[in-house]
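A closer look at the structure
Given next are the chains, with one letter for each unit.
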Amino acid sequence: MSVLVLIEHDNQNIKASSLNTITAAKKIDKSVHAIVLGENCSKVGEQISKCEGIEEVFIADNSIFKNHVAENISPVIFELSNKYSHILAPSSTFGKNIMPRVAALLDVAQISDIISIESNDTFVRPIYAGNANLKLQSTDSKKIITVRTTNFEATKISGGNGKITKIEKKDDPGLSKFVKNELNKSDRPELTSAGIIISGGRGMESGKNFSLLEEIADKLKAAVGASRAAVDAGFVPNDYQVGQTGKVVAPELYIAVGISGAIQHLAGMKDSKIIVAINKDEEAPIFQVADYGIVGDLFKILPELSKELDKIKS
Amino acid sequence: MKILVPIKRVVDYNVKIKVKSDNSGVDLENVKMSMNPFDEIAVEEAVRLKEKKICNEITAISIGSAKSEETLRTALAVGADKGILVETEENVQPLEVAKILKEIINKNSPDLVLMGKQAIDDDSNQTGQMLSALLGWPQGTFASKLEINEKKINVTREIDGGLETLNMELPAIVTTDLRLNEPRYASLPNIMKAKQKPIEKISPGDLNIEIKQRLKTLKVTEPPKKESGIKIDSVQELVSKLHDEEKVI
Ligand SMILES: Cc1cc2nc3c(=O)[nH]c(=O)nc-3n(C[C@H](O)[C@H](O)[C@H](O)COP(=O)(O)OP(=O)(O)OC[C@H]3O[C@@H](n4cnc5c(N)ncnc54)[C@H](O)[C@@H]3O)c2cc1C
Ligand SMILES: Nc1ncnc2c1ncn2[C@@H]1O[C@H](COP(=O)(O)O)[C@@H](O)[C@H]1O
């Protein structure tokens, strides 16, 4: 049976997370289908149909799908489900919100946040903030899965020629109504797909001081992240949080500044390729996972770092 | 208004767990256990709604071993009025937790269910969404703000791009995120008083729920350890390492 991927997008463009999820789907079966639910989202459907290996794309274009309300989206996936052995979505707030509903409607378990696929029914997922990996076997007839996107490459948007099928209008279940969103606009790369990330913690002392990190991020084309303590203190918005209960990232380079390295933070960044830590406390646990550590005052080190970067860039 | 708060007893968030040497699971012998931190936030929110007179009864419910009674006592000490313990020695996975909660809800008809977004042991992040689907109720997941207006509720949610607000009619399921509130500690007198509050004990069988292990554990392993790195004295040296050796900048 084929595998279905629920596509995350903003009605204009595919989110990178969907491309990683398609790669995971292709490891399960050669035959991969996708579903795009949104409003005026045909462009997204066309992009997906061009992904290598995608056989068919369903597009459900309706105002009730515009804001991805879980109660509206889940019944549509449920209705399509009998043709599929596996249904996958990225383990982002989008996928986490919707997929457990689909699983419950199907009376099957959800397998959350998989990091590897051993066979059609056997998967590995982190538990206890990534301090253990669980290899599990699903006994359910259908597998509902969310995918940790950092563990799978992105599929390229080329080489494919999937068939596009429109799904007809659905009635509004009318359970939750979208009121508004406050999305943080930024020209920087998205945290979960950035090649370089510089994150600040409580040691940054204020939101204003994050400009020290932004200056460096601009030079490195990096994303800016944060620890929970920095978010709780109001230095930066919630979507900056990296960790067990925030975003999981795995860039080529992660620079942790004024972050102690609590297990919950490490859970979100320890798979980064190169980790740099800047902290004035040489005992800080962040140094245990850092490839390169500098012990010292971040307010002295960051301006120096910014200057040194100018030298290599010129 | 009646509020139901499902709470799970989990390894304390400060504990660094160890994988058992036979790879059958995680060693939980003599390890400090606590209420799941997101559930503490849910209890706190319910108590605040009670203090604002929006709520008049809070029931805490836990599904787990006899020791989960301690966790229920903690919720009672913070301000829940009564507890329900669904006692089982088996590991109960999210779909069955949701089914048990659904049965309890059908009997107790709460107006609002406040629960954690994620249990920090299995990191599943499923139960609230599943429960909401089983009941056909609206869901407001990852909530950082609630505004209740008679029979309607506005839920501000923490999503990957920022914040989103949904409006829904009660009864509804809300799952908590970290920024919803800061939980209080129970005072000693309240801990004493909590000992007198009622806890009803039942079993999954009483609710005709069969506990299935839909996801079978094959092996639990420790993730690969990172080799420890080096300390560097100067920023200049760091930049040259990253640029010339690692070639990441
Ligand atoms: C349920 C739950 C979920 C959680 N989820 C997450 C999560 O997803 N992500 C997350 O990050 N945390 C999470 N946490 C919180 C986590 O436990 C830590 O509290 C948090 O990560 C600490 O943030 P911090 O390192 O910025 O602050 P602190 O631990 O206070 O560390 C600040 C660091 O800055 C250093 N410092 C201070 N001043 C300077 C200076 N001038 N120069 C250099 N260094 C300086 C200090 O030496 C210290 O090491 C969670 C906690 C719970 C209970
Ligand atoms: N055994 C349990 N007993 C009571 N509540 C639970 C139990 N398991 C999960 N929950 C609730 O469901 C939430 C999400 O858990 P999970 O889906 O397992 O990550 C928790 O924060 C609790 O509110």
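The rules behind each value
- Numbers given for residues are sequential positions, taken from 1 along each chain in its written order.
- For naming, the first written chain is A and the first written ligand is 1, with later ones following in the order written.
- Confidence filtering applies because this is a predicted model: local features only for residues at pLDDT of at least 70, side-chain atom pairs given and counted only at 80 or more, and all residues used for totals across whole chains, interfaces and linings.
- Working from all heavy atoms in the structure, the side-chain values ignore hydrogens and water.
- Any residue with a heavy atom lying within 4 Å of a molecule or strand is counted as near it.
- Pairs of N or O atoms within 3.5 Å make up the polar contacts considered here, provided that, within protein, one atom can donate a hydrogen while the other can accept it, and that residues adjacent in sequence are counted only when both atoms are side-chain atoms.
- Method for areas: the Shrake-Rupley scheme with a 1.4 Å probe, in which residue coverage is limited to the protein chains shown.
- Numbered from the N terminus, helices here are DSSP runs of H or I no shorter than four residues, and strands are runs of E no shorter than two.
- Each residue is assigned to one class: nonpolar for Ala, Val, Leu, Ile, Met, Phe, Trp, Tyr, Cys and Pro, charged for Asp, Glu, Lys and Arg, and polar for all the others, Gly among them.
- A carboxyl oxygen of Asp or Glu within 4 Å of a side-chain nitrogen of Lys or Arg is what we treat as a salt bridge.
- Burial here depends on accessible area, computed with a 1.4 Å probe over protein chains only, as a share of the maximum for the residue type. Under 20% is buried, over 50% is exposed, and the range in between is partly exposed.
- In this analysis, axes come from line fits to C-alpha atoms, helices being fitted only over the stretch in contact, and the angle between any two N-to-C directions falls in the range 0 to 180 degrees.
- Roughly parallel means an angle under 35 degrees; roughly antiparallel means over 145; roughly perpendicular covers 65 to 115; every other angle is labelled oblique.
- Left-handed describes a crossing whose near helix is turned anticlockwise from the far helix through less than a right angle; right-handed describes the clockwise counterpart.
- We call two residues contacting when some pair of their heavy atoms lies within 4.5 Å.
- The pairing criterion for strands is at least two bridges between them, as found by DSSP.
- Think of it this way: a Phe, Tyr or Trp ring, Trp meaning its six-membered ring, pairs with another when their centres are within 6.5 Å, and the plane angle makes it stacked under 30 degrees, edge-to-face over 60, tilted otherwise.
- In this scheme, Lys NZ or Arg CZ marks a charge over a ring once it lies within 6 Å of the ring centre and within 35 degrees of the ring normal.

We now examine the site of ligand 2. Residues and elements named next belong to chain B. Close to ligand 2 lie 17 residues, the nearest being Pro-6, Asp-39, Ile-63, Ala-119 and Thr-127. Interatomic distance of 3.1 Å between a backbone N/O atom of Gly-116 and an oxygen atom of ligand 2. Within the complex, 98% of the 480 Å² of free accessible area of ligand 2 lies under protein. Listing elements by their share of the shell around ligand 2, those giving two or more residues are strand S4 (57–64) and strand S6 (112–116). Among the elements that take part in the shell around ligand 2, S4 stands out by supplying 3 residues, more than any other. Of the residues that constitute the shell around ligand 2, the class distribution is 7 nonpolar, 8 polar and 2 charged.

To continue, consider the pattern of salt bridges. Residues and elements named next belong to chain B. Counted under the stated rule, the structure contains 32 salt bridges over all chains. When the shortest N-O distance is used, the salt bridge between Glu-44 and Arg-48 registers 2.7 Å. One end of the pair, Glu-44, and the other, Arg-48, are both in helix H1 (residues 37–51), 4 residues apart, so they sit about a helical turn from each other. For Arg-48, a relative accessible area of 30% translates into the label partly exposed.

A word on the packing of helix H3 (residues 70–80) of chain A against helix H4 (residues 93–106) of chain A. All names here are of chain A. Where H3 contacts H4, the axes come no closer than 9 Å and their chain directions differ by 45°. On the basis of their axis angle, the class for H3 and H4 is oblique. Pair H3 / H4 crosses with right-handed handedness. Residues Ala-70, Glu-71, Ile-73, Ser-74, Pro-75, Ile-77 and Phe-78 of H3 form the contact with H4, whose own contacting residues are Asn-97, Ile-98, Arg-101, Val-102, Leu-105 and Leu-106. The residue makeup of the contact of H3 with H4, split by class, is 9 nonpolar, 2 polar and 2 charged.

A separate point is the pairing of strand S10 (residues 172–176) of chain B. All names here are of chain B. Counting buried residues along S10, 5 of its 5 residues qualify, which places the element largely inside the surrounding structure. Along S10, one buried face is formed by Ala-172, Val-174 and Thr-176 and the opposite face, lined by Ile-173 and Thr-175, is buried too. Note that strand S7 (residues 139–149) and S10 share 3 bridges and pair parallel. Paired with Ala-143 across the bridge in S10 is Thr-176.

So, about the packing of aromatic side chains. Tallying each qualifying case throughout the model produces 1 aromatic pair over all chains. Note that Lys231(B) overlies the ring of Phe287(A), its terminal NZ or CZ placed 4.6 Å from the centroid.

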